[in-house]
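# Structural features, examined
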Amino acid sequence: MTTMPDSGQAAPMRTALSYVSPSGTSPWGTYLSQVDRVVPYLGPLARWAETLRRPKRALIVDVPIELDNGEITHFEGYRVQHNLSRGPGKGGVRYHPDVTLEEVMALSAWMTVKNAAVNLPYGGAKGGIRVDPKKLSLKELERVTRRYTSEIGLIIGPHQDIPAPDVNTNSQIMAWMMDTYSMNTGATATGVVTGKPVELGGSLGRVKATGRGVFVTGREALRRLKLPLEGARIAIQGFGNVGANAASMFAYHDAKVVAVQDHGGGVINNGGLDVAALTDHVARFGTVAGFKGGDALGLEEFWDVESDVLIPAALEGQITEARAKRLRTKIVLEAANGPTVPAADDILGQRGIVVLPDVICNAGGVIVSYFEWVQDFSSFFWSEDEINLRLDKILTGALSHIWSTAEKHNISLRTGAFTVACARILQARAERGLYP
Ligand code: NAD
């Protein structure tokens, strides 16, 4: 594995897709540039690479609902199946006022890569509705969800495409989706979505799975770099589902969570924050700001904190070029999706900072979603210990394969992960052949 950027690859000829912006800084542009970097390592499979640059199928749906006040309003929804070569589509559904088709395309493509990187028998898909759910009542939210599910019912199903929660969607929304699909098809189909409540065929361990996976990849990275886990200094941006669960796993294993930042502010304690007390504080006040077990930390100061492991677990695009030049860390664990902009990635590489890419680092969630789907099909449910053990085994094995691929080609772990994943996807494509 190299610490140099993976530069100098020839950009392949590309036919422009009419419905996406040509900008290299858009999520889809970022994805395309990641694909360009991997093509030189695909050998004869490179002949099929254009497959990766084109979503297989994209559905735009109108979602009209009656508001509680009697008005009719319309939202725009999407479901994109980027690639189905290795199995059914799999990926979350996002409710956000800024969701666009192009963003959903990129997210669906990253799901294709993530699922292949950890060798799950899935293609990649993603969905979204351009809506601000905070402005809807619970009943309106249910109507939006049910209408959207009916509209995309054309292409989803336990064997076709299996949605899951993402930003602003949760287990209740998955329960409504499962019920709507089941009502429309005339049979209860628990396997049509994952991330359901445990009473409806959800899996134990799903809620903590992504944070647990972040810890597992971090533990393995420290071990490979011969750095001790005990006493390792951890800085985390984002203390929601992923960040807080990762923090408590690191603390449990005697690492020191020294700094945490969320939307409301930051807190630092060089002796190690009490993660359980911080979790209670956030449950009461909604932010880490004001926590008495540490000192206040300014928004930009967070990026100067000295750490062994930095975990961006909030939003995309947080590690900019300017911040990449300042970071004082050894390992970046990409818990969020797309937290590092491509130019910053190169700077981190030049500075010898090891980046564990999102497609492996946050794959714990989709791995346990896969377990949920398998359990639903067999109607036989596993213990939480069994789930956690299997999750650990899959992630450790996947990271080992990606690490040795990166070392073999002298490339970054991100390009290594894309190489492993894209080779699997295109091998399946080549073996299936073109029809007709
Ligand atoms: P969440 O909503 O539970 O938590 C988000 C956290 O980010 C909160 O602590 C919030 O305060 C913080 N945050 C928001 N804006 C911020 C800002 N401007 N500056 C600093 N902090 C800010 O979300 P989550 O489920 O923990 O997801 C976090 C990231 O992980 C997202 O990128 C998501 O796509 C990714 N992810 C989540 C899962 C999962 O299973 N939940 C799986 C894969 C990837």
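Just so it is clear, the structure is predicted and the values come from calculations on it, not from any experiment. (Residues numbered from 1 in each chain as written. Predicted model: local features only at pLDDT ≥ 70, side-chain atom pairs only at ≥ 80, totals over all residues. Heavy atoms only, no water.)

## Considering the nonpolar core
To be explicit about the condition: To define a nonpolar core, start from buried Ala, Val, Leu, Ile, Met, Phe, Trp, Tyr and Cys residues and group those joined through side-chain atoms within 4.5 Å. We call a residue buried when its accessible area falls under 20% of the maximum for its residue type, exposed when it is over 50%, and partly exposed in between, using a 1.4 Å probe and counting protein chains only. A run of H or I in DSSP counts as a helix once it spans at least four residues, and a run of E counts as a strand once it spans at least two, with each numbered from the N terminus. Where each domain begins and ends follows an automated or database-derived domain assignment. Should any heavy atoms of two residues lie within 4.5 Å, those residues are considered in contact.
Core analysis: the biggest nonpolar cluster contains 92 residues, and Y31, I234, F239, V260, I311, L333 and L356 have the highest contact counts within it. In terms of residues, this core owes the most to one element, helix 2 (residues 101-117), which gives 11 residues. No fewer than three residues from each of domain 1 (55-188) and domain 2 (209-361) sit in this core. Every residue in contact with Y31, bar those within four places of it in the chain, is listed here: L52, H82, A109, W110, V113 and F418. Counting 26 residues, the second largest nonpolar core, distinct from the first, contains L141, I156, Y181 and V193.

## Some remarks on the site of the ligand
Test applied: The near set for a molecule or strand comprises every residue that places at least one heavy atom within 4 Å of it. Pairs of N or O atoms within 3.5 Å make up the polar contacts considered here, provided that, within protein, one atom can donate a hydrogen while the other can accept it, and that residues adjacent in sequence are counted only when both atoms are side-chain atoms. For every accessible area listed, the method is Shrake-Rupley and the probe measures 1.4 Å; residues are considered covered only by the protein chains on display. Polarity classes work like this: nonpolar for Ala, Val, Leu, Ile, Met, Phe, Trp, Tyr, Cys and Pro, charged for Asp, Glu, Lys and Arg, and polar for all others, with Gly in that last group.
Surveying the vicinity of the ligand reveals 18 residues, the closest of which are T210, F239, N241, V242 and H263. A distance of 2.8 Å separates an oxygen atom of the ligand from a polar atom in the backbone of F239. Take V242: an N or O atom from its main chain is 2.9 Å from an oxygen atom of the ligand. Protein chains bury 71% of the 830 Å² of accessible surface belonging to the ligand in isolation. Secondary structure elements with two or more residues in the shell around the ligand: helix 5 (206-224), helix 6 (241-252) and strand 7 (256-262). Of the residues contributing to the shell around the ligand, the split by class is 7 nonpolar, 9 polar and 2 charged.

## Structural notes on helix 6
Residues three or four positions apart in an α-helix share a direction because the helix packs 3.6 residues into each turn. Note the following rule: Here the expected length of a helix is defined as 1.5 Å per residue gap, with one fewer gap than residues.
The end-to-end C-alpha distance of helix 6, which contains 12 residues, comes to 17 Å, matching closely the 16 Å that a straight helix rising 1.5 Å per residue would cover. Of all the positions in helix 6, only V242, G243, A244, N245, A246, A247, M249 and F250 are classed as buried. Those residues of helix 6 that are buried lie in contact with helix 5, strand 6 (233-237), strand 7, helix 7 (275-285), strand 10 (309-312) and strand 11 (331-333). Just downstream of helix 6, D254 is the residue with a positive phi angle, here 65°.

## A look at unusual backbone geometry
A cis amide bond, omega 0°, links Y435 with the succeeding residue P436. Position of P436 among the secondary structure elements: in the segment after helix 13 (413-432). Notably, K226 is not glycine yet its phi reads approximately 60°, a positive angle. Despite not being glycine, D254 has its phi angle at roughly 65°, a positive value.

## What to know about the pairing of strand 7
What counts, and what does not: Two strands are said to pair when DSSP picks up at least two bridges between them. Consider the strands pointing away from the viewer: the crossover is right-handed when the path from the first strand over the helix to the second runs clockwise.
Taking burial as the measure, the 7 residues of strand 7 include 6 buried ones, the bulk of the element. Pairing analysis gives 5 bridges linking strand 6 to strand 7, with the strands arranged parallel. Residue pairing for strand 7: I236 is matched across the bridge by V260. Where the polypeptide runs from strand 6 across helix 6 and back to strand 7, its parallel neighbour, the crossover connection is right-handed. In this structure, strand 7 lies alongside strand 8 (residues 265-268), joined through 4 bridges in antiparallel fashion. Bridging across to strand 8, Q261 finds its partner in G266. As consecutive antiparallel partners, strand 7 and strand 8 are separated by 2 residues.

## Comments concerning helix 7
The criterion, for reference: To be clear, the arc concerns the directions from the helix axis to the C-beta atoms.
All of the buried residues along helix 7 are V275, L278, H281 and V282. Summarising the axial view, the buried residues of helix 7 lie within an arc of 115°, below the 170-degree limit, and thus occupy one face. Away from its buried face by more than 90 degrees, helix 7 exposes A276, D280, A283 and R284. Buried positions along helix 7 lie against helix 6, strand 7 and strand 8. For helix 7, the capping residue at the N-terminal end is D274, with a side-chain oxygen 3.2 Å from the backbone nitrogen of A276. In the stretch just after helix 7, G286 is the one whose phi turns positive, near 80°.

## Overview of the domain arrangement of the protein chain
Interfaces are often described in size by the accessible area the parts lose on coming together. Applied cut-off: Simply put, the buried area is the total loss of 1.4 Å probe accessible area from both parts when two parts are fitted together.
In terms of domain boundaries, the protein chain breaks down into domain 1 (55-188) and domain 2 (209-361). Relative placement of domain 1 and domain 2: their C-alpha centres are 30 Å apart. Residue-level contacts link 7 residues of domain 1 with 5 residues of domain 2. Together, the buried faces of domain 1 and domain 2 total about 480 Å²; carbon and sulfur atoms form 58% of this surface. Among the residues domain 1 hides against domain 2, the three largest losses belong to W110, K114 and V118. Together they make up 58% of the total.

## Some remarks on the pattern of salt bridges
To keep it simple, the criterion reads: Definition used for salt bridges: Asp or Glu carboxyl oxygen within 4 Å of a side-chain nitrogen of Lys or Arg.
For the structure on display, the rule yields 27 salt bridges. Of the charged contacts, one joins D161 and R79 as a salt bridge, the two residues approaching to 2.7 Å between their closest N and O atoms. Separated by 82 residues along the polypeptide, D161 in strand 5 (residues 161-165) and R79 in strand 2 (residues 72-83) bring together distant segments of the chain. In this pair, the class of D161 matches that of R79, namely buried. A salt bridge links D179 to R146, with the shortest nitrogen-to-oxygen separation between them at 2.8 Å. Of the two residues, D179 sits in helix 4 (residues 171-185) while R146 sits in helix 3 (residues 138-152), which places them 33 residues apart along the sequence. Residue class for R146 comes out partly exposed when judged on its relative accessible area of 25%. Among the charged side chains, a salt-bridge network with shared partners connects D36, E50, R53 and R54.

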